[in-house]
Amino acid sequence: MPSWFIAGLWGLLGGSALVLGAAVGYFARLPQRLIAAIMAFGAGVLISALSFELMDKAFQRGGFDSTAIGFISGATVYTLANWFLSTQGAKHRKRSGQKQPSEADNSGSGAAIAVGALLDGIPESIVIGVSMLGGGVVSWVTVAAVFLSNVPEGLSSAAGMKQAGRSLKYIFGIWSLIAISSGIAALFGYVVFSHVSTEIIAATDAIAAGAILAMIADTMIPEAFEYTHDFAGLITVCGFLAAFVLSKLGG
């Protein structure tokens, strides 16, 4: 199989965790505290992955300037996009409780939540494709980190969507679409960035890292802390350690 197709399959695998998490969140009756704890663990996994798989490699490839500029740029673009979507009703798209608005409460919020979920997932998927550049082999640590963090994202958000009165078709339609988009984004990352300089690849890794960290702070940590409170930090650390171990085993 061609490398670009393999990149797409890896991205699809990472995105499929969103559908898996959504299924658990919709059909299983999990306590709010457990959902929040899983979210905290996923946040720790992503923080570790962006530290050791994205920022470190970005620095090695492009030096400090490309890494710093990309990191701040990614966070800025994500924050502005997230701010706009929040005004349209997508602010609590990862909340499992009763904070997500229904369509009756906020007309157009369904579309905003869908776009917001897509915004959250695309940077991670592009990185999966970029990780194949140079050797044609995907960073399985990156794939594992994305998969492990996507499960709680889909789980928590689907639980909140259900409580907001969203239909089964709507919920699984969104996550299936994003899973497919994740595969396309990974394919895009491999094809487009295979013809650019190492400095641009480094900046891309850093942009993704900045966007992911901003997403964690804006959407994952609030959900984790609201229900786990004093234990949110410890659970996040456990997630960080799990991904750190994976990165060292993969190295």
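Residues numbered from 1 in each chain as written. Predicted model: local features only at pLDDT ≥ 70, side-chain atom pairs only at ≥ 80, totals over all residues. Heavy atoms only, no water.

K.L.:
Would you mind going over the environment of Gly154 with me for this structure?
P.N.:
Looking at the element boundaries, Gly154 is found in helix α4 (residues 140–163). Given the relative accessible area of 0%, Gly154 is considered buried. When near neighbours in sequence (up to four residues on either side) are disregarded, Gly154 contacts Leu18, Gly21, Ala22 and Trp175. (Helix = DSSP H or I, 4+ residues; strand = E, 2+ residues; numbered from the N terminus. Buried < 20%, exposed > 50% of the residue type's maximum accessible area, 1.4 Å probe, protein only. Contact = heavy atoms within 4.5 Å.)

K.L.:
Quick question: what am I supposed to make of the nonpolar core here?
P.N.:
Grouped burial of nonpolar side chains is what soluble globular proteins tend to show. Membership of the largest hydrophobic core comes to 19 residues, with the highest contact counts inside it found for Leu46, Leu50, Leu54, Ile212, Met215, Ile216 and Met220. Taken together, the elements giving at least two residues each to this core come down to α2 (32–90) and α6 (198–228). Looking at this core, the element that brings in the most residues is α6, giving nine residues. The residues touching Leu50, leaving out its near neighbours within four places in the chain, are Met55, Ala209, Ile212, Leu213 and Ile216. (Core = buried A, V, L, I, M, F, W, Y, C linked by side-chain atoms within 4.5 Å.)

K.L.:
Before we go on, may I ask you to explain the pattern of salt bridges in this structure?
P.N.:
Where charged atoms of side chains with opposite charge meet at close range, the side chains can pair. This structure, assessed with the given rule, holds two salt bridges. A salt bridge links Arg61 to Asp205, with the nearest nitrogen and oxygen atoms 2.9 Å apart. Placement of Arg61 in helix α2 and of Asp205 in helix α6 is noted, with a sequence separation of 144 residues between them. (Salt bridge = Lys/Arg side-chain N within 4 Å of Asp/Glu carboxyl O.)

K.L.:
I tried to follow the packing of α4 against helix α5 (residues 168–193) on my own but got confused; where do I start?
P.N.:
Two packed helices can be described by the angle between their axes and the distance between those axes. Taken N-terminus to C-terminus, the directions of α4 and α5 make an angle of 155 degrees; their axes are 10 Å apart at the nearest point. Considered as vectors, α4 and α5 are oriented roughly antiparallel to each other. Two packed elements cross with a definite hand, and for α4 against α5 that hand is right-handed. Together, Gly154, Ser157, Ala158, Met161 and Lys162 of α4 and Tyr170, Ile171, Ile174 and Trp175 of α5 make up the contact between the two elements. For the contact of α4 with α5, the residue count by class is six nonpolar, two polar and one charged. (Axes fitted to C-alpha atoms, helices over the stretch in contact; angles between N-to-C directions. Parallel < 35°, antiparallel > 145°, perpendicular 65-115°, else oblique. Left-handed = near helix turned anticlockwise from the far one by under 90°. Nonpolar A, V, L, I, M, F, W, Y, C, P; charged D, E, K, R; others polar.)

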